[in-house]
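# Observations on the three-dimensional arrangement
Letter by letter, the chains look like this.
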Amino acid sequence: MKIGIPKEIHDGERRVAATPDTARKLQKFGFQVVIESGAGAAASFPDEAYRDAGCEITSDVATVWQQDIVAKVRPPEYHPGTGQDETEMLREGATLISFLWPGQNAALLERLVARKANAIAMDAVPRISRAQKLDALSSMANIAGYRAVVEAATLFPRFFTGQITAAGKVPPAKVLIIGAGVAGLAAIGAARGMGAIVRAFDTRPAVREQVQSMGAEFLEVTLTEDGAGEGGYAKEMSPAFIKAEMELFLAQAKDVDIIITTALIPGRPAPKLLQAYHVEAMRPGSVIVDLAAEQGGNCELTQPGRVAEHNGVKIIGYTDLASRLSSTASQLYGTNIVHLLDDLGKAEKFHFDLADEVTSGALVVHDGANRWPTPKPKMTSPTEGKPAAAAATATPKKSGHGHGSKAPGSPWPLVAAGLALVGIGVGAPPSFLTHLTVFVLAIFVGWQVIWNVAPALHTPLMSVTNAISGIILIGGILQISGPPGSATTILGAAAILLATINIAGGFLVTQRMLQMFRK
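From a predicted model like this one, the values you see are computed outputs, not experimental measurements.

## Observations concerning the packing of aromatic side chains
For the structure on display, the rule yields five aromatic pairs. Centroid distance F156 to F160: 6.1 Å. Interplanar angle 90°. Geometry classified as edge-to-face. Classification of F156 by relative accessible area gives buried; the value is 6%. Seen from their ring centres, F201 and F249 are 5.3 Å apart, and the 90° between their planes marks the pair as edge-to-face. Linking F201 in strand β12 (residues 197–201) with F249 in helix α9 (residues 239–253), this pair joins segments that are 48 residues apart in sequence. Take F201 and F249: they sit in the same class, and that class is buried. In textbook terms, an aromatic cluster arises when at least three aromatic residues are bridged by ring pairs, as seen for F99, W101 and Y333.

## Some points on the packing of helix α6 (residues 136–155) against helix α11 (residues 326–343)
Geometrically, a packed helix pair is captured by the angle between its two axes and the distance between the axes. Packing of α6 against α11 leaves a shortest axis separation of 9 Å and a crossing angle of 165°. In this view, α6 runs roughly antiparallel relative to α11, as classed from their interaxial angle. Where α6 crosses over α11, the handedness of that crossing is right-handed. Contacts from A136, S139, M140 and I143 in α6 reach T328, A329, L332, Y333 and N336 in α11. Its residues placed into classes, the contact of α6 with α11 shows six nonpolar, three polar and no charged.

## Concerning the confidence of the model for the protein
Mean pLDDT over the protein: 86, with 86% of residues reaching 70 or higher. Counted against residues more than four places away or in other chains, residues 380–408, with its pLDDT under 50, gives four contacts.

## Observations regarding helix α7 (residues 182–193)
One full turn of an α-helix is made of 3.6 residues, so residues set three or four places apart face in the same direction. Helix length check: α7 (12 residues) gives 17 Å between terminal C-alpha atoms against 16 Å at 1.5 Å per residue, within 8%. Taken residue by residue, α7 has A183, G184, L185, A186, A187, I188, A190 and A191 as its buried positions. In this structure, the buried side of α7 is in contact with α6, β11 (174–178), β12, α8 (208–213) and β14 (258–261). Count one or two residues on from α7 and you reach G195, which has phi positive near 95°.

## Focus: the pairing of β11
The buried fraction of β11 is high, at four of five residues. In the sheet, β11 pairs with β14 via four bridges, with the strands oriented parallel. Of the residues in β14, the one forming a bridge with I177 is I260.

## Quick look at the sheet that holds strand β13 (residues 217–219)
Strand order in the open sheet formed by seven strands is β13-β12-β11-β14-β15-β17-β16, with mixed pairing between adjacent strands. Two strands bound the open sheet, and with one partner strand each, they are β13 and β16 (307–310). Averaged over all pairs of adjacent strands, the angle between their axes in this sheet comes to 20°, without regard to strand direction. Relative to strand β17 (residues 313–316), β16 is paired through four bridges, and the arrangement is antiparallel. Within the sheet, the bridge partner assigned to A308 lies in β17 and is I315.

## Looking at the pattern of salt bridges
What the rule picks out here adds up to 24 salt bridges. Among the salt bridges present, the one from K72 reaches E8, with a minimum N-O distance of 3.2 Å. Taken together, the residues K72 in the loop between β4 (69–71) and β5 (78–79) and E8 in the loop between β1 (2–5) and α1 (20–28) connect sequence positions 64 residues apart. Each member of the pair K72 and E8 is classed as buried. One salt bridge in this structure joins D85 and R111, with 3.5 Å as the shortest N-O distance. Note that D85 is positioned in strand β6 (residues 84–85) and R111 in helix α5 (residues 106–114), a separation of 26 residues in sequence.

Conventions used here
Residues numbered from 1 in each chain as written. Predicted model: local features only at pLDDT ≥ 70, side-chain atom pairs only at ≥ 80, totals over all residues. Heavy atoms only, no water. Phe/Tyr/Trp six-rings, centres within 6.5 Å; stacked < 30°, edge-to-face > 60°. Buried < 20%, exposed > 50% of the residue type's maximum accessible area, 1.4 Å probe, protein only. Helix = DSSP H or I, 4+ residues; strand = E, 2+ residues; numbered from the N terminus. Axes fitted to C-alpha atoms, helices over the stretch in contact; angles between N-to-C directions. Parallel < 35°, antiparallel > 145°, perpendicular 65-115°, else oblique. Left-handed = near helix turned anticlockwise from the far one by under 90°. Contact = heavy atoms within 4.5 Å. Nonpolar A, V, L, I, M, F, W, Y, C, P; charged D, E, K, R; others polar. pLDDT = per-residue confidence, 0-100. Expected span 1.5 Å × (residues − 1). Pairing = 2+ DSSP bridges. Salt bridge = Lys/Arg side-chain N within 4 Å of Asp/Glu carboxyl O.

Pasting the structure below:
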């Protein structure tokens, strides 16, 4: 099978659907890759790099579109060089892989149906754990969030980080991120890395820990309302919540220097989160970056595609933030396509498994039939099943009445244990009872201490277990000097071995965890 990679014709688009690196991977899958001449030039991938990767280079646009599979970034549109729509060059029965935005492009889907084609919308890939490697939306959002901070820093007339110099003190910039999804978290990381004070707001309480773990302050309104919606996106909130939200944004607008908005659900107009009075409340020289500009913008004053200014506040409405990091964006997007074709069976067994929820969700046109809206995967809520479990815990079990049944919670095991302890107390020497009491209490206290530690603190707990293992190691060394072959010597040697393994493992795990937080 052959894959065609056309040059993007959308105004300002610099990305390409395959890089030399991803083209090599596609060839390992058995595909032949045909690249339109100049397709990767804007992303710093010259034709020579594709030739070195074993790709076929052609300047004939029609040849690229006549391949079995055509992969591109932007949805097909009118091609000025050929005088026809790109979909008209697609071979009947071929497969198109691209961002398609099917909820907004009904006419495009009809053109693909007329070509009796197959079409996979990269923006329709279900946002579930198993499909993360195919999630091109997240790949591009990550880049857009980072680039938003870079663009803000370009227009912001101060440092991001605070400085104290002989000439005076410069305070750090204050940044507000509205929406803590993939783009928002990337923006938080970039702003924090540049030394800014970062605050973030999101209607989904579940992202609080992610925001705080990155060193940002998580803002909340006084109303309690969960904004988690389908597919990992936020849902529309109640009027009362929106009113409280607007008041919070107004208070923050008076204090912060930069606001970055990321609220957007594919296929829907962007919600208006910042009104004109929010912008007017900001100090002159402040900057707003609207990542939802292509869908109308989160700010009332956003002008898609350009930088607007109101009362000295600059409002960045660029619609090509991911494309401004074209090399990285192309590499990530190309890797998403590689994973997709891997899941589709590579060249040898290429097929569409409609029983697979990932394939079924992204395949918007199949054999000339419009499948949009595609079936949504079953999403499991984090709280699903908890009420039932709580009810089951709260409801006492009834004792059985059948033959040989025994009531749960029978006192006989406790009675037997009590009699055993009484027997030990009568017959055992006082020194043994002392050691037994300490041993039982140590087990009980140790179990309760470790069992009740939150999973997030398990790594810090390694230092405690290492200290305990060190005590055991010393005790084993003291006992190993006994007669050779005695039980005391054998137990001492075993204690030394196990404690040494535990200490070494504890230091190894702790070191690996610390490396994750080092730049």
